[in-house]
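# Structure at a glance
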Amino acid sequence: MKFIIAIIKPFKLDDVREALTAVGISGMTVTEVKGFGRQKGQTEVYRGAEYTTNMVPKLKLEIACSSDLAPQAIEAIQSAAGTESIGDGKIFTIGMEDAVRIRTGETGDVAI
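If you check an unreviewed UniProt entry, the chain appears there as Nitrogen regulatory protein P-II from Parasphingorhabdus halotolerans. Under Subunit (unreviewed entry), UniProt gives the following word-for-word description of the chain: "Homotrimer."

Moving on: the overall build of the chain. Per the secondary structure count, the chain includes two helices and six strands. Listed N to C, the secondary structure of the chain is β-α-β-β-β-β-α-β in terms of helices and strands. Each principal axis of the C-alpha atoms in the chain carries an extent, and together these give about 55 × 25 × 20 Å. Expressed as a percentage of its 112 residues, the buried residues of the chain come to 29%. Put simply, 71% of the contacts in the chain that link residues at least 6 apart link residues at least 24 apart. In the chain, the 13 positive side-chain charges and the 15 negative ones have mean positions that sit 7 Å from each other.

A sheet is described by the order of its strands in space; here four strands give the open sequence 2-5-1-6, paired in antiparallel fashion. Across the chains shown, the open sheet's two edge strands, defined by having one partner strand only, are strand 2 (29–35) and strand 6 (89–95). When strand polarity is set aside, the average angle formed by the axes of neighbouring strands in this sheet is 20°. Judged from the seven bridges that link them, strand 1 (residues 2–8) and strand 5 (residues 56–65) form a sheet pairing that is antiparallel. Counterpart to Lys 2 in the pairing with strand 5 is Cys 65. Running over the sheet, helix 1 (residues 13–23) touches strand 1, strand 2 and strand 5 and is turned about 10° from strand 5. Relative to strand 1, helix 2 (residues 70–81) is tilted by about 5°, and along the sheet it contacts strand 1, strand 5 and strand 6.

The N-to-C vectors of helix 1 and helix 2 enclose an angle of 150°; their axes lie 8 Å apart at closest approach. Judged by the inter-axis angle, helix 1 sits roughly antiparallel to helix 2. As helix 1 runs across helix 2, the sense of the crossing is right-handed. Residues Asp 15, Val 16, Ala 19, Leu 20 and Val 23 of helix 1 pack against Gln 72, Ala 73, Ala 76, Ile 77, Ala 80 and Ala 81 of helix 2. Partitioning the contact of helix 1 with helix 2 into residue classes produces nine nonpolar, one polar and one charged.

Turning our attention to the pairing of strand 1. Sheet topology places strand 1 next to strand 6; seven bridges connect them, and they run antiparallel. Of the residues in strand 6, the one forming a bridge with Ala 6 is Ile 91.

Calculation rules
Residues numbered from 1 in each chain as written. Predicted model: local features only at pLDDT ≥ 70, side-chain atom pairs only at ≥ 80, totals over all residues. Heavy atoms only, no water. UniProt positions renumbered as here; feature names shortened; annotations may be inferred. Helix = DSSP H or I, 4+ residues; strand = E, 2+ residues; numbered from the N terminus. Buried < 20%, exposed > 50% of the residue type's maximum accessible area, 1.4 Å probe, protein only. Contact = heavy atoms within 4.5 Å. Lys, Arg positive; Asp, Glu negative; His and termini not counted. Charge placed at Lys NZ, Arg CZ, Asp CG, Glu CD. Pairing = 2+ DSSP bridges. Axes fitted to C-alpha atoms, helices over the stretch in contact; angles between N-to-C directions. Parallel < 35°, antiparallel > 145°, perpendicular 65-115°, else oblique. Left-handed = near helix turned anticlockwise from the far one by under 90°. Nonpolar A, V, L, I, M, F, W, Y, C, P; charged D, E, K, R; others polar.

Shown next, in the form of structure tokens:
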């Protein structure tokens, strides 16, 4: 099993969700986050005043899937979230030892 963490631009969420559903991903967790990388922040306007912030709003997606499905999920995220501009985000993959469905007690791939 794999645990995929993706940081994407907020407006790409619907595209990524549709792409993941198409490859068989049945669920994910989405969190609003802020951070910076090569973008080094951005300029925004608030009440007519322009200011620079070093934290850019992003979405963090967390997806648990079988090891067989992980490469397809990663490709789906990359193609759906990409704009070919700086700040498109990152995808991290972590090996996942186990999963347990709380309601039924199922474990492993079945619990995902």
